[in-house]
Amino acid sequence: MDRMLFVAMSGAKETLLAQSSNSNNLANASTPGFLADLQQFRSMPVFGDGQPTRVYGMSERPGVDFKHGAIVHTGRGLDVAINGDGWFAVQSADGSEAYTRRGDLKVDANGLLTTGNGLPVIGNGGPIAIPPAEKIEIASDGTISIRPLGQAANELAEIDRIKMVEPALDGMEKGADGLMRQRDGETLEASAEVQLATGSLESSNVNIVDSMVDMIDFARRFEMQVKMMKTAEQTDESSASIMRMG
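Fair warning: this is a prediction, and the values are worked out from it, not measured in the lab. (Residues numbered from 1 in each chain as written. Predicted model: local features only at pLDDT ≥ 70, side-chain atom pairs only at ≥ 80, totals over all residues. Heavy atoms only, no water.)

*Asks:* Any details on the overall build of the chain? Residues and values, ideally.
*Replies:* In terms of helices and strands, the chain carries two helices and 18 strands. In summary, the chain has a C-alpha radius of gyration of 25 Å against a globular reference of 18 Å for 246 residues, an excess of more than 25%. For the chain, the spread of C-alpha atoms along the three principal axes comes to 100 × 35 × 30 Å. Residues classed as buried in the chain amount to 37% of the 246 residues present. Residue pairs in contact within the chain that sit at least 24 positions apart in sequence constitute 60% of those at least 6 positions apart. Working note: accessible area of the chain is about 13700 Å², and carbon and sulfur atoms make up 52% of it. For the chain, the separation between the mean place of its 22 positive charges and that of its 34 negative charges on side chains is 7 Å. (Helix = DSSP H or I, 4+ residues; strand = E, 2+ residues; numbered from the N terminus. Rg over C-alpha atoms; globule rule 2.2 N^0.38 Å. Buried < 20%, exposed > 50% of the residue type's maximum accessible area, 1.4 Å probe, protein only. Contact = heavy atoms within 4.5 Å. Areas by Shrake-Rupley, 256 points an atom, 1.4 Å probe, with all protein chains shown as cover. Lys, Arg positive; Asp, Glu negative; His and termini not counted. Charge placed at Lys NZ, Arg CZ, Asp CG, Glu CD.)

This is the structure we're talking about:
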């Protein structure tokens, strides 16, 4: 009965992992620029002494769905969306350079230009600092201009340019923090080909209907695995009862 119990137990565990990934996608369905994690199961033999005698289903994330989300017009000056392929460069929590398509920008209390989740946006020489200004404009090429306090409406000063990159997708991977990086760990060079749609945001590419269907499917799989574990327990008890009778 140990084989039956092991297969059912491991199946329940892997189903919970898949459900967790799917729930994370659903939780970020309204996060600008979020890219959904893909999910799949595959058969995994159990290796040990001798030949593998059992197989269980292993849940894994084979990659990320790089399909672009819809671009939604907001009219807000600091909302920007990548028009086509490309990424914004941001400074991650550990200080390294990473990449995202999230464009709901803001200026924090320290004057740094950040994404909606507080990551500093990188420019030509590092994180972009915005001096006190009456107006901030971002051009389609990522150039940031401001109208300093007390200056006339036509007095614009160019201060920096958002670093945008356009790498090959097969070299990108998603980290635990949700940011994209090069698999080889290298920092990418800025690309002048990437263009922005200003006053707009790219929505998440999560398909809510598909994710809800997957959630129901994973719940039913888990219930089935639990029933198999109970069946294994009942079978073991029946076998023990027969041995006692003998």
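*Asks:* Any details on the side chain of asparagine 25? Residues and values, ideally.
*Replies:* Secondary-structure assignment places asparagine 25 in helix H1 (residues 2-27). Residue classification places asparagine 25 among the buried residues on the basis of a relative accessible area of 5%. If near-sequence neighbours (up to four positions away) are discounted, asparagine 25 is found in contact with Phe34, Ala36, Asp37 and Val206.

*Asks:* Tell me about the environment of valine 209, residues and numbers included.
*Replies:* Within the element layout of this structure, valine 209 appears in helix H2 (residues 208-245). Here valine 209 falls in the exposed class, since its relative accessible area comes to 58%. Spatially, the C-alpha atoms of valine 209 and leucine 26 are 9.7 Å apart, while their sequence positions differ by 183 residues.

*Asks:* How would you sum up the sheet that holds strand E11 (residues 133-138)? Please name residues and give values.
*Replies:* Note on sheets: strands pair through backbone hydrogen bonds, and any given pair is parallel or antiparallel. Reading across from one edge, E11-E12-E13 is the order of the three strands in this open sheet, with antiparallel pairing throughout. Each edge of the open sheet carries a strand with a single partner, namely E11 and strand E13 (157-161). Taken over all neighbouring pairs, the strand axes of this sheet differ in orientation by 25° on average, direction set aside. In this sheet, E13 lies alongside strand E12 (residues 143-148) in antiparallel orientation, the contact comprising four bridges. Looking at E13, one finds that serine 145 is bridged to glutamate 158. (Pairing = 2+ DSSP bridges. Axes fitted to C-alpha atoms, helices over the stretch in contact; angles between N-to-C directions.)

*Asks:* Explain the packing of aromatic side chains residue by residue, including any values.
*Replies:* Taken as a whole, this structure holds two aromatic pairs when the rule is applied. Note on phenylalanine 66 and tryptophan 87: the rings are 6.2 Å apart at their centroids and 85° apart in plane angle, and the pair reads as edge-to-face. Here phenylalanine 66, found in the loop between strand E2 (55-60) and strand E3 (71-73), pairs with tryptophan 87, found in strand E5 (residues 87-91); they are 21 residues apart in sequence, far enough to count as distant. (Phe/Tyr/Trp six-rings, centres within 6.5 Å; stacked < 30°, edge-to-face > 60°.)

*Asks:* Which residues make up the pattern of salt bridges, and what values go with them?
*Replies:* In this structure the tally under the stated criterion is 10 salt bridges. Here arginine 76 and aspartate 79 are joined by a salt bridge, their closest N and O atoms 2.5 Å apart. Judged by its relative accessible area of 5%, aspartate 79 falls in the buried class. In this structure, the salt-bridge partner of glutamate 173 is arginine 183, at a minimum N-O distance of 4.0 Å. Here arginine 183 lies in the loop between strand E16 (180-182) and strand E17 (196-198) and glutamate 173 lies in strand E15 (residues 172-174), a separation of 10 residues in the sequence. On the accessibility criterion, glutamate 173 (38% relative accessible area) is partly exposed. (Salt bridge = Lys/Arg side-chain N within 4 Å of Asp/Glu carboxyl O.)

It is worth stressing that arrangement in space is one thing and function is another; only the former is reported here.
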